[in-house]
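# Descriptive structure summary
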Amino acid sequence: EVIVCGGAFNSPQLLQLSGIGNAAELAALGIPVVADLPGVGEHLQDHMVAKIQHSATQPVTIDSIRDKWRWPLFGLQWLVTRRGLAATNIYEGGGLVRTHSEITYPDLLLGFAPLAMRFDPHIPDRGYQLMMASMRPEARGTVKITSTDPRKQHALKFNYLSNDVDRRFWVDAVHIARDVLNQPAFTDVDGGETWPGPGVDTDEEILDWIARTAQSNMHPSSTARLGTDGESVVDPLTMGVHGIEGLAVADASVMPLCPNSATHAPTMMLAEKAADLILGNSPLPPRRPTPATPETAPAA
C-alpha cells in the first residue's frame, strides 16, 4: 500500500504527475492517463486573514519581542521559568462570531495580539492588532501542474473574493473588528487605527484593501476530497484513490470542506482514522459524554 501524505498542494501534484487527474489536462501535458479523476486539484479551500492595527499610547504591548538582542534572554527565561515572551504564541485572546444573523454558525475568527505584525520588515509597527479570519469561505480554487517536471512549481489559484458571499463577509468582518477595538476598554491605551487607517471606510475601499493586503492563514484543504460523486478522489470507507489499487491519500487534501478551525488537529484526527481504515482495525464504540452541568463541571 502506498499512502500519499503530501498535503493539499503536493498530494494532488503527485497524483497528476502519476497520471491521476483530469484526463484532458493530463493529455495536454503528454502524461499517460491512469485514472480520469477530474476532482484532483480542484475545490481548493483556505482561510484568508487580515489585520486591523492600532498604535498604543502606553507601554502595554510586547513590542520588545522584535529586538533580536533580547531573544537569548527570552529563551533563557523560558528554560528556567517556563514564562516570558518565549512562552507566548502572540495571540493572547480571541473568539468565533457570526458576521450576520442569517447564519447559524460562526464564520469569523478574531485573534487579539498585543503586538502589531505585518509581513513587511520596513514597516515599524508598534501597537496591537485584531486578526480576522474567514472560516467558512465560499471561494474554491485549484492546484494544477504545469509541467511533467516534479521540480517545477505547480500553479495555485485560490480565487479569494471571487463571490458575493465572501465579499460581504470581509466588509462585515472589518466593521465588527473595528467595533471591538473601539470599545471603551481600550480608551486609555488607544492611539488610533494605523492599519488600514481612516482612509479605508467604504465597502469598495475595504474590499480593495483586503484584495491588496490579506494573506493565507496556511490552511489549504480539499484538493483530493473524500466522497462518492464524480468530483471526489478518495473513497471514504478505505481512504483509497478511486479506481486505483494499493494507493491511499491521508492528509488535509481529502477533507470535503475546510474545517471551521485551524487544520492541524483535524488532520491528526483524520490520520488516526485513516490508519484504522487502512489497517482494517475495528472502530472504537461511539461515546456520548453527558453534558457538563454546574454540579459536574470541573473546578476552575
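Look up: the structure comes first, before these words.
Summarised in this report is the structure supplied together with it. What you are looking at is a predicted structure, and each value in this text was computed from that prediction instead of being measured. (Residues numbered from 1 in each chain as written. Predicted model: local features only at pLDDT ≥ 70, side-chain atom pairs only at ≥ 80, totals over all residues. Heavy atoms only, no water.)

### What about the pattern of salt bridges?
- As enumerated under the stated definition, the model contains 10 salt bridges in all.
- Between Arg 212 and Asp 208 there is a salt bridge, with its nearest N and O atoms 2.9 Å apart. Taken together, the positions of Arg 212 and Asp 208, both in helix H5 (residues 203-213) and four residues apart, correspond to about one turn of that helix.
- In the salt-bridge network here, residues are joined through shared partners; they are Glu 25, Glu 42 and Lys 144. (Salt bridge = Lys/Arg side-chain N within 4 Å of Asp/Glu carboxyl O. Helix = DSSP H or I, 4+ residues; strand = E, 2+ residues; numbered from the N terminus.)

### With respect to the state of the cysteines
- In this structure the tally under the stated criterion is zero disulfides.
- Lacking any disulfide linkage, Cys 258 is separated from the closest cysteine sulfur, that of Cys 5, by 18 Å.
- Cys 258 gets classed as buried once you look at its relative accessible area, which sits at 5%. (Disulfide = S-S within 2.5 Å. Buried < 20%, exposed > 50% of the residue type's maximum accessible area, 1.4 Å probe, protein only.)

### A few points about the packing of helix H4 (residues 164-181) against H5
- Across the interface, H4 lies against H5 with an axial gap of 9 Å and an inter-helix angle of 100 degrees. The angle between H4 and H5 places the two elements in the roughly perpendicular class. The residues of H5 that touch H4, namely those facing Arg 167, Trp 170, Val 171, Val 174, His 175 and Arg 178, are Asp 203, Ile 206, Leu 207, Trp 209 and Ile 210.
- Taken together, the residues of the contact of H4 with H5 sort by class into seven nonpolar, one polar and three charged. (Axes fitted to C-alpha atoms, helices over the stretch in contact; angles between N-to-C directions. Parallel < 35°, antiparallel > 145°, perpendicular 65-115°, else oblique. Contact = heavy atoms within 4.5 Å. Nonpolar A, V, L, I, M, F, W, Y, C, P; charged D, E, K, R; others polar.)

### Topic: the nonpolar core
- Formed by 22 residues in total, the largest nonpolar core has its most connected members in Ile 52, Met 132, Trp 170, Val 174, Trp 209 and Ile 210.
- When contributions to this core are tallied by element, the ones reaching two or more residues are strand S4 (48-56), strand S6 (108-113), strand S7 (127-134), H4 and H5.
- Examining the composition of this core, we find that seven residues originate from one element, H4, more than from any other.
- The next biggest cluster of nonpolar side chains, apart from the first, holds 21 residues, and it includes Val 40, Val 241, Ile 244 and Ala 274. (Core = buried A, V, L, I, M, F, W, Y, C linked by side-chain atoms within 4.5 Å.)

### Some words on H4
- Given a rise of 1.5 Å per residue, 18 residues ought to cover 26 Å, and the 26 Å separating the end C-alpha atoms of H4 matches this to within 8%.
- Within the span of H4, buried status applies to Asp 166, Phe 169, Trp 170, Val 171, Asp 172, Ala 173, Val 174, Ala 177, Arg 178 and Leu 181.
- On its buried side, H4 packs onto S4, S6, S7, strand S10 (190-195) and H5.
- The N-terminus of H4 is capped by Asn 163, whose side-chain oxygen sits 3.2 Å from the backbone nitrogen of Val 165. (Expected span 1.5 Å × (residues − 1). Polar contact = N/O pair within 3.5 Å; in protein donor to acceptor, adjacent residues only side chain to side chain.)

### A word on unusual backbone geometry
- The amide bond that connects Trp 195 to the next residue, Pro 196, takes the cis arrangement and shows omega of 5 degrees.
- Its location among the elements puts Pro 196 in the loop between S10 and H5.
- Even without being glycine, Asn 159 reaches a positive phi, approximately 60 degrees.
- Relative to the elements of secondary structure, Asn 159 occurs in the loop between strand S9 (155-157) and H4.

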